[in-house]
Each structure stands twice: as structure tokens, then as C-alpha cells.
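Observations on the three-dimensional arrangement
Take a look at the letters that make up each chain.
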Amino acid sequence: MSLAPATAVALGDRFARELPELALEWRAEEAPSPTLLALNEPLAAGLGLDPASLRTDEGVRLLVGNHLPEGARPVAQAYAGHQFGGFSPRLGDGRALLLGELTAADGTLRDLHLKGSGRTPFARGGDGLAAVGPMLREYVVSEAMHGLGIPTTRSLAVVATGRPVRRETVLPGAVLARVASSHLRVGSFQYAAAQGDADLLRRLADHAIARHHPGAADAESPYRALFEAVVAAQASLVAQWMLVGFVHGVMNTDNMTISGETIDYGPCAFLEAFDPATVFSSIDETGRYAYGNQPLVAEWNLARLAEALLPLIHDDQEQAVALAVESLGTFRPAYSEAWSHGMRAKLGLPDGLAEEVATPLIGDVVELMKADRVDHTGFFRALGRAARGDVAPARDQVLDLAGFDAWVERWRALGPDAERMDRANPVYVARNHLVEEALVAGTDGDLVPLQRLLEALSAPYDERPGLERYAEPAPEDFGHYTTYCGT
Ligand code: AMP
Ligand code: MG
């Protein structure tokens with residue numbers, strides 16, 4: 001494949017053309033002295049962009065929105081959202097812009113989007129900016145998710161702007177260039193519904209079907225099929241989060257995609273000690289978005305999507321509600337199925353193992369992990385060694401030795417497949433202390449820890465010599481980690 005100079009790339013404007021009511025033309029603020037901190041070369045190349053040209057002055061200016069390829073029409077997107085349960089009819093991109101759409105190798109569109117590119121009319125009280133630390137954090141964690149094989153937006157680059165950002169202290173500013181299969185959110189539909197504009201809502205749904213769930217177009221009831229496709233995608237996504245111990249941290253409806261990709265990495269983190277009540281975000285005082293609540297919250301958010309779609313589901317409101325409720329009912333079985341399937345893989349259970357055997361075996365190990373607050377990632381990976389006969393690494397992590405031994409005996413009698421386990425249980429996740437270390441160094445201009453961490457996380461299932469420290473839990477003195485909203 002030949003790579004075009006990125007600065008001459010053709011950026012599509014399908015979103016802005018088809019949904020002008022949701023697209024406010026806007027320009028990025030001028031960055032005083034843009035400096036490239038991180039560039040995702042494989043991602044660039046996969047999009048047909050020449051990485052070398054992204055490193056030139058013009059390329060770096062493209063990545064902060066200050067150089068626009070011909071024909072580009074950046075827009076701030078309008079959306080609404082329930083934030084911690086309270087509805088805001090107008091949120092929108094307060095500090096972000098959609099530069100336009102690229103065409104990926106498979107012919108599908110990818111949004112090229114900037115975060116931290118300056119105030120837009122949606123900014124309300126915010127300054128429209130982002131600091132280096134939180135943008136590097138999104139870069140690392142989203143790439144870690146991609147490495148794990150979990151659907152996610154991707155990070156193309158982080159560029160320091162040279163503009164200071166005022167937070168609790170003054171911090172260096174940055175722009176993240178993000179790539180997503182789209183930025184359509186539950187909140188996009190809530191916005192269209194709140195406008196009371198039936199035509200807009202229908203065009204938005206048609207756009208979503210065409211881009212993400214084309215099969216719905218052929219269904220008897222395409223908009224209901226769209227809803228069910230989103231339910232299925234989110235059930236699968238959240239199950240995958242749960243299986244790796246990921247806590248999103250701010251599952252507001254504006255942070256839930258229609259595509260089924262993870263989006264908006266703010267106060268997110270991976271579990272260490274296994275506890276469903278775990279919360280990392282400083283602003284989540286009630287634990288609404290705790291690890292163990294995520295499936296329920298996803299279902300709640302999908303109910304909000306269903307409400308927005310009601311006028312498209314049936315002309316008769318009562319019938320529309322009945323149909324939407326029935327469709328929402330597919331969430332729980334889909335989630336359970338995805339989670340159980342994933343747990344079977346994590347435990348290396350043989351295909352076709354009877355439900356009556358698998359379910360209690362899975363339930364019991366989860367109880368054991370909870371009771372002893374074992375390290376989520378480390379324990380599962382150590383079970384892979386137990387499947388090979390080396391029980392000590394897992395046994396050393398528990399307190400209830402008798403309970404553990406009894407469980408292991410039942411489990412090993414089933415002949416768990418250690419290879420399968422190693423493909424399901426990562427060695428390396430974006431542990432909080434490692435992320436923190438990389439961000440602190442990166443903010444000070446030392447990008448080596450970040451690059452090393454990204455390298456480990458790019459192949460998280462392959463244990464490699466020399467990377468031992470990336471598999472270790474945080475040192476005792478690291479304490480409980482708190483993340484602050486990425487603003
Ligand atoms: P988030 O919590 O990042 O999903 O953002 C929620 C809303 O707040 C969105 O409308 C953002 O555009 C807006 N927002 C967040 N931070 C800022 C900021 N520094 N300046 C302007 N708007 C912001
Ligand atoms: Mg958001």
C-alpha cells in the first residue's frame with residue numbers, strides 16, 4: 001500500500017453533510033509551539049497516512065488542527081447526556097473537534113477527532129483545553145484496550161501545544177488526536193430527541209445504521225433492529241471490560257457509543273485487588289460507576305437510548321414502549337452469555353462443559369477472589385500455571401487455602417486448557433502505578449517510560465523476559481489510586 005503524505009489527506013465530511021443540525025463548523029485554537037509527544041505509527045499506516053509526514057512541522061500542525069488539508073471542515077458535535085443520572089439537553093464537544101473522516105483499509109470510515117483543541121460554543125464554563133498527563137493517559141489506556149482485543153477508539157498522537165493549562169496547578173497543554181469508527185453516542189440520540197425533530201432523529205438513525213449496524217437496514221423494523229444491535233454491542237463490550245477488570249469511571253450516556261467502542265478515557269483504571277465496589281474516580285462519590293455496577297449502568301443507559309428512539313420504533317407510543325422494553329430485555333441474557341463465555345475461556349474449561357458444572361465452578365472462584373481481594377490480573381494468569389501443575393503462584397495469593405485447594409481439585413479434574421487460558425488472561429494491563437509513572441515522566445519531557453509501557457501493553461498476552469515489573473501489582477506504599485476527571 002502506498003502512503004499519502006498525511007497533510008494532503010482527503011478528509012470526508014459525511015457526518016456534517018448528513019447531520020448539519022449536529023455539526024457546528026469550528027476551528028482549533030492556534031497552538032503556540034506544537035511538539036509531538038507520541039505518534040502511533042502502525043495506526044497511521046493502517047489509515048493510509050504516512051507516519052514520516054506526520055512528524056514534519058506541517059504534520060504536527062495537522063494533528064492539532066492548525067493545518068487543514070484541502071476541503072476539511074472541522075465541526076464540534078452536538079449531543080446531550082445524562083451525567084451521573086442528571087440530564088443535560090446540550091453538552092456537545094466543548095473542547096473537541098471532528099476534523100473529518102478517513103477511509104480505513106477495509107473501506108469503512110474512521111473519524112479523525114481532536115481533544116483539547118480549544119473552546120467551542122459548547123464549552124460552557126470550561127477552558128476548552130487539556131493537559132499533557134490526561135491526554136497521554138487516554139493514549140496509553142486506549143492502546144492497552146486495543147492490545148487486549150477490546151473494541152475502543154484509538155489514539156493517533158499526543159501533541160504538546162506549548163500553551164499552559166490552569167488546573168489545580170499550571171500544567172503543560174496538549175491535544176490528543178483520536179480515531180474512532182464514529183463519535184455517535186447515546187447522547188447524540190438524546191439530543192435529537194430533545195429537539196423534537198423527527199426528521200433529524202430518523203436521519204441520525206439511518207446514519208448510524210449505515211456506519212455501524214448495516215444489517216439493521218434489512219430488518220422488518222430497522223430502528224428497533226438498530227437498538228437491538230447497540231444493545232448487543234454494549235453487552236459484549238461491558239462483559240469484556242468486566243473480564244479484564246476495567247473500570248471506565250464515567251459511564252454517562254454521552255460517553256457510550258453506538259458503535260460499541262469504548263470511548264472517553266477519563267478517570268478510568270484497571271482493578272488490582274478484586275472488589276466489585278471499586279471506584280477510582282474522585283468525582284464518583286456514590287459509587288454509581290463502580291466496577292461491579294457497570295453492567296447495570298450500561299442497561300440503564302440503553303434504556304435512555306430506547307426512550308430517544310421511541311418515535312421511530314412505533315407510531316403508537318404505548319406499542320413503541322412495549323417493543324422497546326422487549327428489546328431491552330435482550331441485554332441481560334446477552335451480557336450473561338458473553339461474560340460466561342469469557343469466564344470459561346479464562347478458566348480454560350473444555351467446550352461443551354455442562355452449565356450445571358461450569359456455573360458453580362465460576363461462581364465459587366469469583367467468591368474466593370472477592371473474599372481474599374486477590375490481584376485480578378495476576379491471579380487469573382497464575383491459574384494458567386496451576387493448570388500446568390504449578391499451583392503455588394496462585395495459591396500464594398489467597399488466604400483461604402483449604403477453600404482454594406478444594407476448588408483447584410474440582411477445576412483440574414476437568415482438564416483445563418492452559419494455552420487457551422493464556423490467550424484469555426493478560427500478563428500486562430495498564431496498572432495504575434505504571435500509568436502514573438509514565439505520565440509524570442512524560443509531563444516532564446521524558447517519554448521513555450511511556451514508550452516502554454506501550455510496548456508491554458501492545459502484546460499483553462505474551463509473557464516476555466525483561467518485562468517482569470509490568471506484571472507486578474503496585475507497591476504497598478502506592479495506596480488506593482484516585483483518578484481525576486481528565487479535564
Ligand atoms: P467528559 O466528562 O469528558 O465526557 O465531558 C463532558 C462534557 O464536558 C463534554 O461536553 C465536554 O466537551 C465538556 N468538557 C470537559 N472538559 C472541558 C473543558 N476543559 N473545556 C470545555 N468543555 C469541557
Ligand atoms: Mg465525554
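Look up: the structure comes first, before these words.
Reading the values: the criteria
Residues numbered from 1 in each chain as written. Chains lettered and ligands numbered in written order. Predicted model: local features only at pLDDT ≥ 70, side-chain atom pairs only at ≥ 80, totals over all residues. Heavy atoms only, no water. Donors = N, O, S within 2.8 Å, 3.2 Å for Na, K, Ca; no water. Buried < 20%, exposed > 50% of the residue type's maximum accessible area, 1.4 Å probe, protein only. Phe/Tyr/Trp six-rings, centres within 6.5 Å; stacked < 30°, edge-to-face > 60°. Lys NZ or Arg CZ within 6 Å of the ring centre and 35° of its normal. Core = buried A, V, L, I, M, F, W, Y, C linked by side-chain atoms within 4.5 Å. Helix = DSSP H or I, 4+ residues; strand = E, 2+ residues; numbered from the N terminus. Domains from an automatic or database assignment. Contact = heavy atoms within 4.5 Å. Expected span 1.5 Å × (residues − 1). Pairing = 2+ DSSP bridges.

As a further point, take the coordination of the magnesium ion (ligand 2). The protein atoms that coordinate the magnesium ion (ligand 2) are Asn255 (OD1) and Asp264 (OD), at distances of 1.9 to 2.1 Å. With relative accessibility at 11%, the residue Asn255 sits in the buried group. By relative accessible area, which is 14% here, Asp264 ends up buried.

Enumeration according to the criterion identifies 11 aromatic pairs in this entry. Aromatic ring contacts, followed pair by pair, group Trp241, Phe246, Tyr265 and Phe270 into a single cluster. The ring of Phe380 has Lys346 sitting right over it, with the charged end atom 4.4 Å from the ring centre. Its end group placed over the ring of Tyr470, Arg469 keeps NZ or CZ at 5.4 Å from the ring centre.

Core analysis: the biggest nonpolar cluster contains 131 residues, and Phe189, Leu383 and Trp411 have the highest contact counts within it. Element by element, the count of residues in this core is highest for helix α8 (residues 222-244), at 14 residues. Two domains each put at least three residues into this core: domain 1 (6-180) and domain 2 (186-339). If we skip the residues at most four places from it in the chain, Phe189 touches Leu201, Leu204, Ala205, Ala208, Leu226, Ile258, Leu305, Ala308 and Leu309.

If you check helix α13 (residues 376-387), its first and last C-alpha atoms are 17 Å apart, about what 12 residues at 1.5 Å a residue would give, namely 16 Å. Where burial is concerned, most of α13 is hidden: 11 out of the 12 residues are buried. Considered for burial, the residues of α13 that qualify are His376, Thr377, Gly378, Phe379, Phe380, Arg381, Ala382, Leu383, Gly384, Ala386 and Ala387. The positive-phi residue at the C-terminal boundary of α13 is Gly389, with phi of around 110°.

When a strand is regular, its side chains alternate between the sheet's two faces. When you tally the buried positions in strand β9 (residues 109-115), you get 5 out of 7 residues, the bulk of the element. Across 7 bridges, strand β8 (residues 96-103) lies against β9 in antiparallel orientation. Its bridge partner being in β9, Leu102 is matched across the sheet by Arg110. Connecting the antiparallel pair β8 and β9 is a turn made up of 5 residues, with Gly107 showing a positive phi of about 90°. Where β9 meets strand β11 (residues 170-180), 5 bridges bridge the pair, whose relative direction is antiparallel. Its bridge partner being in β11, Leu114 is matched across the sheet by Ala177.

In terms of residue burial, strand β10 (residues 154-166) counts as a mostly covered element, since 10 of its 13 residues are buried. Inspection of the sheet shows strand β3 (residues 35-39) paired to β10 by 4 bridges, in the antiparallel sense. Bridge pairing in β10 places Leu39 opposite Ala157. As defined by bridge partners, β10 adjoins β11 across 9 bridges and the pair is classed as antiparallel.

Another aspect to go through is the side chain of His212. Position of His212 relative to the elements: it lies in helix α7 (residues 198-212). Not counting chain neighbours up to four residues away, the residues in contact with His212 comprise Ser181, Ser182, Leu184, Ile258 and Ser259.

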